[in-house]
Amino acid sequence: MGSCCERAAQFFGPQKNTNVRISLPAVCFVWQIAMVILFGVFIRYDEESDVKLWLRFKQEHNITSDIDNDFYFRYPSFQDVHVMIFVGFGFLMTFLKRYSFGGVGFNFLIASFGLQWALLMQGWFHSLDLETGKISIGVESLINADFCCAGSLIAFGALLGKVSPVQLMVVTLFGITLFAVEEFIILSLLHCRDAGGSMVIHAFGGYYGLAISWVLYRPNLHLSKRLNGSVYHSDVFAMIGTLFLWMFWPSFNSAITDHGDGQHRAAINTYIALASCVLTTVAISSMSQKKGKLDMVHIQNATLAGGVAMGTAAEFMITPYGSLIVGFCCGIISTFGYLFVTPFLERALKLQDTCGVHNLHAVPGMLGGFIGAIVAAAATEEVYGREGLIRVFDFTGSFANRSVGTQGGFQAAGTCVSIAFGLVGGVIVGFILRFPIWGDPADDNCYDDEVYWEVPEDEETLPPVLEYNNHMIHKHQDISESNFSVEQS
Amino acid sequence: MGSCCERAAQFFGPQKNTNVRISLPAVCFVWQIAMVILFGVFIRYDEESDVKLWLRFKQEHNITSDIDNDFYFRYPSFQDVHVMIFVGFGFLMTFLKRYSFGGVGFNFLIASFGLQWALLMQGWFHSLDLETGKISIGVESLINADFCCAGSLIAFGALLGKVSPVQLMVVTLFGITLFAVEEFIILSLLHCRDAGGSMVIHAFGGYYGLAISWVLYRPNLHLSKRLNGSVYHSDVFAMIGTLFLWMFWPSFNSAITDHGDGQHRAAINTYIALASCVLTTVAISSMSQKKGKLDMVHIQNATLAGGVAMGTAAEFMITPYGSLIVGFCCGIISTFGYLFVTPFLERALKLQDTCGVHNLHAVPGMLGGFIGAIVAAAATEEVYGREGLIRVFDFTGSFANRSVGTQGGFQAAGTCVSIAFGLVGGVIVGFILRFPIWGDPADDNCYDDEVYWEVPEDEETLPPVLEYNNHMIHKHQDISESNFSVEQS
Amino acid sequence: MGSCCERAAQFFGPQKNTNVRISLPAVCFVWQIAMVILFGVFIRYDEESDVKLWLRFKQEHNITSDIDNDFYFRYPSFQDVHVMIFVGFGFLMTFLKRYSFGGVGFNFLIASFGLQWALLMQGWFHSLDLETGKISIGVESLINADFCCAGSLIAFGALLGKVSPVQLMVVTLFGITLFAVEEFIILSLLHCRDAGGSMVIHAFGGYYGLAISWVLYRPNLHLSKRLNGSVYHSDVFAMIGTLFLWMFWPSFNSAITDHGDGQHRAAINTYIALASCVLTTVAISSMSQKKGKLDMVHIQNATLAGGVAMGTAAEFMITPYGSLIVGFCCGIISTFGYLFVTPFLERALKLQDTCGVHNLHAVPGMLGGFIGAIVAAAATEEVYGREGLIRVFDFTGSFANRSVGTQGGFQAAGTCVSIAFGLVGGVIVGFILRFPIWGDPADDNCYDDEVYWEVPEDEETLPPVLEYNNHMIHKHQDISESNFSVEQS
């Protein structure tokens, strides 16, 4: 591939400067050093992970056994979420024929930075002790940090192959910041419930990425068309990402839900919704192709829409068949999105969305927010019980008198807030990314690992040392292939 | 590849109609809508996942803490089993050079449908409240639903590459139904113990798939011989499936065992049996080849036989060295199966078994059933203690007076029941699948994703249709590469 | 490839005999039978996995509920560690273009043998009941057995592609034995703390492998240069290993730590250290290449160094920013190691280290040991509290009066002991492996699965249907490759 890029250069005049040898290390070092300093100033262990505090905590709450530490009731879910963030998102983005390194590698880079920044941002908003000025972290903070990264990783999906790692670090820095703010507004001020983050993660992340991509529109992107597609094995790699996301989504939606029935119910609802989502995705994918062939793009992505859309309602009493219906509809909507909406957005709105996050995150996330609003508004004492309503919607403190109707209204409002943050924030970040200093690739050079990675010579493309035999073999292959076709026909 | 299929058509006369554009969406929609209705009528949250019931449950059993919810003691095992079903089985079946999409994709489809149908079938048999007419589901139901799918996924292994997705949906519909019935007979009526499902899952699923495959025998399958094999990378993909199955098998065999020593012991026994199985598999595989080279087919499959065979006995006091011996023997038997039995079955019995489920599931499952019978019959009060015997074999209620000898007899009987269900059920389903309406591939067209998937054009293998451009492109590559080598040097 | 091996023979005189058809099965059978006998004599279920003992245990400690069984508080961590051992280490070693079968397959073989031998060795040293002469095993024993294997798998990394499976079995037999001894000395006699095994696992395993590789130096290894590298997809496979190691490392370092705050803290510290390690690895990798391109070798390996270095200190109160700094430094050191130290070792010390375990395990492990020593020595009552110090450093029994300073000294001593065991043991084992009876590959035949595996014909190389052209192409390939090897040599 290398060669063809260089050739393209000769064709299309001077290459953009994609050298990130100064900028990338600079950004990594500066931001990592900042993290060290800020962690030193602010971050401490919480009362369940600090030995002194834990021993005191046990006395005060006369806990007799160490196995009552919350670690044992959050950590398995944390590890599932962790796998989704690094393997799930990472491998889902390996589907491009020549951008697998970038897909999984840059995902690895920005998630690793993002989770550090997230620990700080979320700490300041949610667990800052105003006396000591310290943030306490425990296993639940780690889950929230991973969640926080998800927003930026979703945005990465829309930009895949068109930006430099330096730009991605900027996207993440602002993405995490915006996330923490909107999350604070939605969860704390509006007192919305959003266990699996349909609003705060998916709707926000999706529209954030789309807005950035819209600002970074490349009129000549067709010059990289040859690389904007998959090969057989890259599609199988992407299925690794799809399946780990799909399997662990019940953990994602239940990871930070209240202990007990809440987590239990969230896992069941998500499991069911995802299952029905697969069948409708397959149905629409097959209907859409002459001969009814299935399209890997749909199987890799639309099958997950059900999990996204259950993000808010999963902890509510949506009922199992309610979950089935949500998955049923989202499979259809998301697949239609891949078939018609994404191409339309590119033609009409000049919006280039590499992974189709519009169909997998933005729209299902928004729907999930509104589904949550409806389910909340429809909650009855008969179903939840008096205590149950208070428990599920946390109608305590200053929200003790809130009705389920009001709650539904706030849930809907929260969804709009997250979308607004995504769109506005994305546009601003987009313009920042248009400065010509970030080392982004040229239009004829997108979707190509050659630009930012040392790519090994593949056997298949025989080493350049042997033009001659190379040529001979090719000629023979031609013969063989023609005979081959004879054999066949 | 595409082209060669079409050309093949011209050669072998009118192609079979493999167009599933109507049938596949129809089946998916009809069955998914049926699921929605049936879930609406029957399925409710159980007392640990319904907020109202859980709060009452806590009062009644005066449970003080939400972390006593069974969710926390079943969910990690559930997620391991979930990974086995979707990544384990799915990737194990990606080994064919051109059927990786079908292997992992169809596995995804039928498991997603199967688990919904399984929740209903198992609910009707095991947890139907006769007063309310409702089924209560919780995390343990999810594990059982996944188990239930395993039977049909095993059957898929025998049919891999030779059937259409519509046929697989039929196989799954009947497979789940038969499973629920035989499981009810074996576990409830015969009161057998079968923690890891050697009998109810593996023996049943294996013989079910073999019987179907036998009825669907294709005399001219050799026409697809060119595709019935692996390539280097597809074998590595298959190892992902093998390893996740192998690693999580202790969770599989312990997932629904009684809490406490039962689950603990089941995990240990399976872990040990699998370890020794690997060594004997390697030994036989190496002995079987001149120069002692190892065969990936054996490493990918026979190494798992130890886990299958421990499915029943894992929760018993088989002792660690007993587990070692089980693994030791199964590695040998299974590898011999791949070397001699599968080819023999194909020659003599006209039985085409793509993945060799006969050697990995059918035979080890049957053995596991009989091993369980022997270990049960050999149980003594000295080893288990009086209480222990009652606890492990659940000698309560109407079975209070059953002796271990009788139990052993029933375990053996149960194994025969599962095999009978597999064989008879498989033959019937096989004949249903022979109707010419299911869009199955032609004999020269098997093991080929081209038939049911939009397959991307691979750079490496340019389709033979374009000898000319092919040639042109090569010429260009030569040029480019020469420029390139200049660049380099 | 096949052809080229045979041809190489003609070039470089009589091939070494790599036939392991007798030796490999012999070793597997002999050692597996030995395991069966030794398990029969020594190994029993412990009081939490034996039904009789568990029921008694519950009475004695009046435990009311089966869910207090330690299984539920160790098993999730065990499964994470299990994934690291088999998928993590296994796939990390698939990066070579033609040694993926060997990387993942031999890892599977030796880990499966190793964990059995480890259960015995560690049992004899740590849990042998001197009255009954029996070893009791439970879930914690399984974790320790997996840990024990890690040492030998690390050594495998240094030898990758240059040894036969029989040699690897020998490496593992001695590796496990040495491990158990050094672990006993370090943990029991010196009373060191080493939760994640920086010393006992990584420093030992790294230097053990390096010493063996040094003794087995191959002056003509350049003859296999053509295969000592990756291709595009093999690098993506290796990322599967990297990510599963990276994600589950917090479980690795916390798996056998004391329940409660200890495990909680170990997980947090490791999570943080690994995150910062990624950023500095990327920074150095980018700086090191003209144009700032990233090198997959660094991303695959150096990103993990932070987890290795936190192995000892993770359970201490190192503070979150302390962990960040550890990760920060190790990313830099490890990447520099890949850039400069490994090539230097090969030139100057005649030390061939295929996976660069020197930079990923040996050095970070050694550093981890000393970091642990420093953090221990710096521990204060103010931070830990009186009880806390006793709890974390287990200053009980005969060690009740040990000061943190002394503890620091012993930690440092322990690190030296582990390195000494690795170096001396490795040299001895290396000489044993130099006997000409082990079937190791010739110098021009390394890094090649053809030697020990039945490798499928890849489509790319040639479609099986066409004997004739097939033949022709071969002839031409011979020419091309012979020129090629001339080019190389």
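If you're wondering where the values come from, they're calculated on a predicted model, not measured in any experiment.

Definitions and cut-offs
- The residue numbers shown here count from 1 along each chain, following its written sequence.
- All chains are assigned letters beginning with A, and all ligands numbers beginning with 1, in the order in which they are written.
- In keeping with the model being predicted, local features are shown solely for residues with a pLDDT of at least 70 and side-chain atom pairs are shown and tallied solely at 80 or more, while totals for entire chains, interfaces and linings include all residues.
- Hydrogens are left out, water is left out, and the side-chain values use all remaining heavy atoms of the structure.
- Secondary structure is summarised from DSSP: a helix means a run of H or I of at least four residues, a strand means a run of E of at least two, and numbering begins at the N terminus for each.
- Residue burial is assigned from relative accessible area. The probe radius is 1.4 Å, only protein chains are included, and a residue is buried under 20% of its type maximum, exposed over 50%, and partly exposed in between.
- Residue contacts follow a heavy-atom distance rule, with two residues in contact if any of their heavy atoms lie within 4.5 Å.
- Method for areas: the Shrake-Rupley scheme with a 1.4 Å probe, in which residue coverage is limited to the protein chains shown.
- Charged residues are defined here as Lys and Arg on the positive side and Asp and Glu on the negative side; His and the ends of the chain fall outside this count.
- A single reference atom marks each charge: NZ on Lys, CZ on Arg, CG on Asp, CD on Glu.
- What gets called buried area is simply the loss in accessible area from a 1.4 Å probe that two parts show on being joined, summed for both.
- Any Lys or Arg side-chain nitrogen located within 4 Å of an Asp or Glu carboxyl oxygen qualifies as a salt bridge.
- The term polar contact refers here to a pair of N or O atoms within 3.5 Å; inside protein, the definition further demands a hydrogen-donor-capable atom paired with an acceptor-capable atom, and it admits residues adjacent in sequence only when both atoms are side-chain atoms.
- As a working rule, the residues Ala, Val, Leu, Ile, Met, Phe, Trp, Tyr, Cys and Pro are called nonpolar, Asp, Glu, Lys and Arg charged, and the rest polar, with Gly in that last group.
- The pairing criterion is simple: DSSP has to find at least two bridges between the two strands.
- The span expected for a helix works out to 1.5 Å for each residue beyond the first.
- Values of bend correspond, residue by residue, to the angle between axes fitted over the seven residues ending at that residue and the seven starting there.
- UniProt positions are given in the numbering used here, feature names are shortened, and annotations may be inferred rather than shown by experiment.
- Patch membership is restricted to residues that have no salt bridge and whose relative accessible area is over 30%. Joining uses 9 Å for like charges and 5 Å for the nonpolar side chains Val, Leu, Ile, Met, Phe, Trp and Tyr.
- Two rings belonging to Phe, Tyr or Trp (six-membered ring only in the last case) form a pair when the distance between their centres is within 6.5 Å. Interplanar angles under 30 degrees mark stacking, angles over 60 mark edge-to-face geometry, and anything in between is tilted.
- Note on geometry: a ring has a charge over it if NZ (lysine) or CZ (arginine) is within 6 Å of the ring centre and within 35 degrees of the ring normal.
- Superposing the copies works by least squares over the C-alpha atoms of residues that have pLDDT at least 70 in both of them.
- When the sulfur atoms of two cysteines come within 2.5 Å, that pair is taken as a disulfide.
- Working convention: axes come from line fits to C-alpha atoms, limited for helices to the stretch in contact. Angles between N-to-C directions cover 0 to 180 degrees.
- Under this scheme an angle from 65 to 115 degrees is roughly perpendicular, one under 35 degrees roughly parallel, and one over 145 degrees roughly antiparallel; angles in between are oblique.
- Note on convention: the crossing is left-handed when the near helix lies turned anticlockwise from the far helix by less than a right angle, right-handed when the turn is clockwise.
- The predictor rates its confidence in each residue with pLDDT, a number between 0 and 100.

Colleague: Whenever I open this one, the overall build of chain A confuses me. Can you help?
Modeller: A count of helices and strands for chain A gives 18 helices and 3 strands. The dimensions of chain A, computed from C-alpha atoms along their principal axes, are 80 × 55 × 45 Å. A burial count over chain A gives 69% of its 489 residues as buried. The contacts in chain A between residues at least 6 apart in sequence include a share of 81% that link residues at least 24 apart. Total accessible area on chain A is roughly 14,700 Å²; 64% of this is exposed by carbon and sulfur atoms. Within chain A, one finds 27 positive and 43 negative side-chain charges whose respective centroids are separated by 7 Å.

Colleague: Sorry, what's going on with the interface of chain A and chain C here?
Modeller: Often the size quoted for an interface is simply the accessible area lost on bringing the parts together. Each partner contributes to the interface: chain A provides 92 residues, whereas chain C provides 89 residues. Contact between chain A and chain C buries roughly 7,800 Å² in total, counting both sides, with carbon and sulfur atoms accounting for 73%. The interface formed by chain A and chain C includes 2 salt bridges. Viewed at the interface, chain C and chain A are joined by 25 residue pairs in polar contact (both at pLDDT 80 or more). Put simply, the parts of the chain that give the side of chain A that touches chain C at least two residues each are α2 (23-42), β1 (43-45), α3 (51-60), α4 (71-92), α5 (100-126), α6 (139-159), α9 (232-254) and α18 (467-488) of chain A. Per-element accounting of the side of chain A that touches chain C gives the leading share, 12 residues, to α4 of chain A. Its residues placed into classes, the side of chain A that touches chain C shows 55 nonpolar, 19 polar and 18 charged.

Colleague: Honestly, the pairing of strand β3 (residues 134-137) of chain B in this entry has me stumped. Any pointers?
Modeller: The side chains of a regular strand alternate, residue by residue, between the two faces of the sheet. All names here are of chain B. By the alternation rule, side chains of β3 split into I135 and I137, which are all buried, and K134 and S136, of which none is buried. Sheet topology note: the strand β1 (residues 43-45)/β3 ladder contains 3 bridges and is parallel. Opposite R44, over in β3, you have S136 as the bridge partner. The antiparallel pairing of strand β2 (residues 128-129) with β3 creates a hairpin that spans 4 residues between the two strands, and G133 there sits at a positive phi of about 70°.

Colleague: How do you make sense of helix α13 (residues 320-348) of chain A when you look at a structure like this?
Modeller: Given 3.6 residues to a turn, an α-helix orients residues that are three or four positions apart in the same direction. Residues and elements named next belong to chain A. Helix length check: α13, at 29 residues, gives a terminal C-alpha distance of 39 Å against a target of 42 Å (1.5 Å per residue), a fit within 8%. Residue Y338 marks the point of greatest curvature in α13, where the axis turns by about 45°. Directly beyond the C-terminal end of α13, a positive phi value near 55° is found at K350.

Colleague: Please explain the sheet that holds strand β3 (residues 134-137) of chain C as it appears in this structure.
Modeller: Sheet strands pair via backbone hydrogen bonds, and the direction of the pair is either parallel or antiparallel. Residue and element names in this part refer to chain C. Read from one edge to the other, the open sheet built from 3 strands follows the order β1-β3-β2, with strand pairing classed as mixed. Two strands lie at the open edges of the sheet, namely β1 (43-45) and β2 (128-129), each paired on one side alone. When β2 meets β3, the two strands line up antiparallel, connected through 2 bridges. Looking across to β3, one finds that D129 is bridged to K134.

Colleague: Where do I start with the UniProt feature "domain: Ammonium transporter AmtB-like" (unreviewed entry) in chain A in this structure?
Modeller: In this numbering, the UniProt entry assigns the feature "domain: Ammonium transporter AmtB-like" (unreviewed entry) to residues 72-435 of chain A. The straight-line gap between the two end C-alpha atoms of residues 72-435 of chain A is 47 Å; of that span, 73% is helix and 2% is strand.

Colleague: Any chance you could explain the side chain of S254 of chain B here in plain terms?
Modeller: For S254 of chain B, the location among the structural elements is in helix α9 (residues 232-254). Ignoring sequence-local partners within four residues, the contact set of S254 of chain B consists of R74, Q263, A266 and A267 of chain B together with F71 of chain C.

Colleague: Explain unusual backbone geometry here, please?
Modeller: For residues that are not glycine, phi is negative in most cases, and the peptide bond is trans in most cases. We note that H191 of chain B has phi near 55°; this positive angle belongs to a residue other than glycine. As for its position among the elements, H191 of chain B is in the loop between α7 (165-189) and α8 (198-215). For Y447 of chain C, which is not glycine, the phi torsion reads 55° and is therefore positive.

Colleague: Looking at this structure, I do not really get a nonpolar patch on the surface. What am I missing?
Modeller: All names here are of chain A. Taken together, the side chains of I33, I37 and V41 define a hydrophobic patch exposed on the protein surface, amounting to about 250 Å² of accessible area. Here V41 shows up in helix α2. Classification of V41 by relative accessible area gives partly exposed; the value is 41%.

Colleague: What is the right way to read the side chain of N144 of chain B from this model?
Modeller: Residue and element names in this part refer to chain B. For N144, the location among the structural elements is in helix α6 (residues 139-159). Look at N144 and you get buried, because its relative accessible area is 18%. When residues no more than four places from it in sequence are discounted, the contact partners of N144 are Q122 and I256.

Colleague: Help me out: how do you make sense of the packing of aromatic side chains in this one?
Modeller: Remark: the centre distance and the inter-plane angle together describe each pair of aromatic rings, the angle taken between the planes. This model, assessed by the stated rule, comprises 93 aromatic pairs over all chains. Here F42 of chain A and W124 of chain A contribute two aromatic rings whose centre-to-centre distance is 5.2 Å and whose plane-to-plane angle is 85°, an arrangement assigned as edge-to-face. Of this pair, F42 of chain A sits in helix α2 while W124 of chain A is found in helix α5, placing the two residues 82 residues apart along the sequence. For W124 of chain A, a relative accessible area of 26% gives the class partly exposed. Between R98 of chain C and the ring centre of Y232 of chain B, over which it is positioned, the NZ or CZ distance is 4.2 Å. Against the face of F410 of chain C rests R402 of chain C, its NZ or CZ located 3.9 Å from the ring centre.

Colleague: I tried to follow the relation of the copies chain A and chain C on my own but got confused; where do I start?
Modeller: Copies of the same chain, two in number, are related to each other by a rotation about an axis and a translation along it. Mapping chain A onto chain C calls for a rotation angle of 120° and an axial translation of 0.0 Å; the resulting RMSD is 0.0 Å. Considering both components of the superposition, the chain copies are consistent with a three-fold axis.

Colleague: Please explain the pattern of salt bridges as it appears in this structure.
Modeller: Tallying each qualifying case throughout the model produces 36 salt bridges over all chains. D70 of chain A is the salt-bridge partner of R74 of chain A, the closest N and O atoms lying 3.7 Å from each other. Taking the relative accessible area as the measure of exposure, R74 of chain A reaches 5% and is therefore buried. Through salt bridges that share partners, K58 and D66 of chain A together with D261, R265 and R391 of chain C make up one connected network.

Colleague: Please clarify how the state of the cysteines should be interpreted in this entry.
Modeller: Put plainly, a disulfide is one covalent bond tying together the sulfur atoms of two cysteines. Residues and elements named next belong to chain A. Counting across every chain of the model gives 0 disulfides over all chains. Counting only cysteine sulfurs, C330 is the nearest neighbor of C277, a cysteine outside any disulfide, at a range of 6.3 Å. We classify C277 as buried; its relative accessible area is 0%.

Colleague: Could you clarify how one ought to interpret the packing of helix α16 (residues 386-393) of chain B against helix α3 (residues 51-60) of chain C in this entry?
Modeller: Angle between the axes and distance between the axes: these two values describe a pair of packed helices. Closest axis-to-axis distance for the α16 of chain B/α3 of chain C pair is 9 Å, and the angle between their directions is 110°. Viewed along their axes, α16 of chain B and α3 of chain C adopt a mutual orientation that is roughly perpendicular. Like other packed secondary-structure pairs, α16 of chain B and α3 of chain C cross with a definite hand, here right-handed. Here α16 of chain B contributes E387, G388, R391 and V392 of chain B to the contact with α3 of chain C, which in turn contributes V51, W54, L55 and K58 of chain C.

Colleague: Can you walk me through helix α6 (residues 139-159) of chain C in this structure?
Modeller: Its 21 residues place the ends of α6 of chain C 31 Å apart at the C-alpha level, agreeing with the 30 Å of an ideal helix rising 1.5 Å per residue. With respect to burial, α6 of chain C is a largely interior element, 20 of its 21 residues being buried.

Colleague: I tried to follow the confidence of the model for chain A on my own but got confused; where do I start?
Modeller: Low pLDDT means the predicted atomic positions in that stretch should not be read closely. Residue and element names in this part refer to chain A. For chain A, the mean per-residue pLDDT works out to 91, and 91% of the residues sit at or above 70. Confidence over residues 1-14 falls short of pLDDT 50; this stretch has 20 contacts with residues more than four positions distant or in other chains. Here residues 460-489 scores under 50 on pLDDT; set against residues more than four positions off or in separate chains, the count is 66 contacts. Reported confidence for the predicted complex is 0.91 by ipTM and 0.92 by pTM.

Colleague: Please explain the sheet that holds strand β2 (residues 128-129) of chain A as it appears in this structure.
Modeller: Residue and element names in this part refer to chain A. Taken in spatial order, the 3 strands of this open sheet run β1-β3-β2, and their pairing is mixed. Each of the sheet's edge strands pairs with one partner strand only, and the pair in question is β1 and β2. Contacts between α2 and the sheet are confined to β1, β2 and β3 (134-137), with β1 contributing the most and set at about 55° to the helix.

Colleague: I tried to follow the environment of R74 of chain B on my own but got confused; where do I start?
Modeller: Residues and elements named next belong to chain B. Topologically, R74 is positioned in helix α4 (residues 71-92). Counting along the chain gives 69 residues from R74 to I143, while the straight-line C-alpha distance between them is 8.4 Å. For R74, the contacting residues outside a window of four places in its chain are V139, E140, I143, S254, A255, I256, T257, H259 and Q263. A distance of 2.6 Å separates a polar side-chain atom of R74 from the backbone oxygen of A255.

Colleague: Explanation requested: the packing of α4 of chain A against helix α10 (residues 261-288) of chain C in the structure shown.
Modeller: Viewed as axis vectors pointing N to C, α4 of chain A and α10 of chain C meet at an angle of 25°, and their least axial separation amounts to 11 Å. In this view, α4 of chain A runs roughly parallel relative to α10 of chain C, as classed from their interaxial angle. Between α4 of chain A and α10 of chain C lies a crossing of left-handed hand. Taken together, the residues of α10 of chain C that come into contact with α4 of chain A (itself represented by F71, Y72, Y75, F78 and H82 of chain A) are Q263, H264, A267 and Y271 of chain C. Considering only residue class, the contact of α4 of chain A with α10 of chain C consists of 6 nonpolar, 3 polar and no charged.

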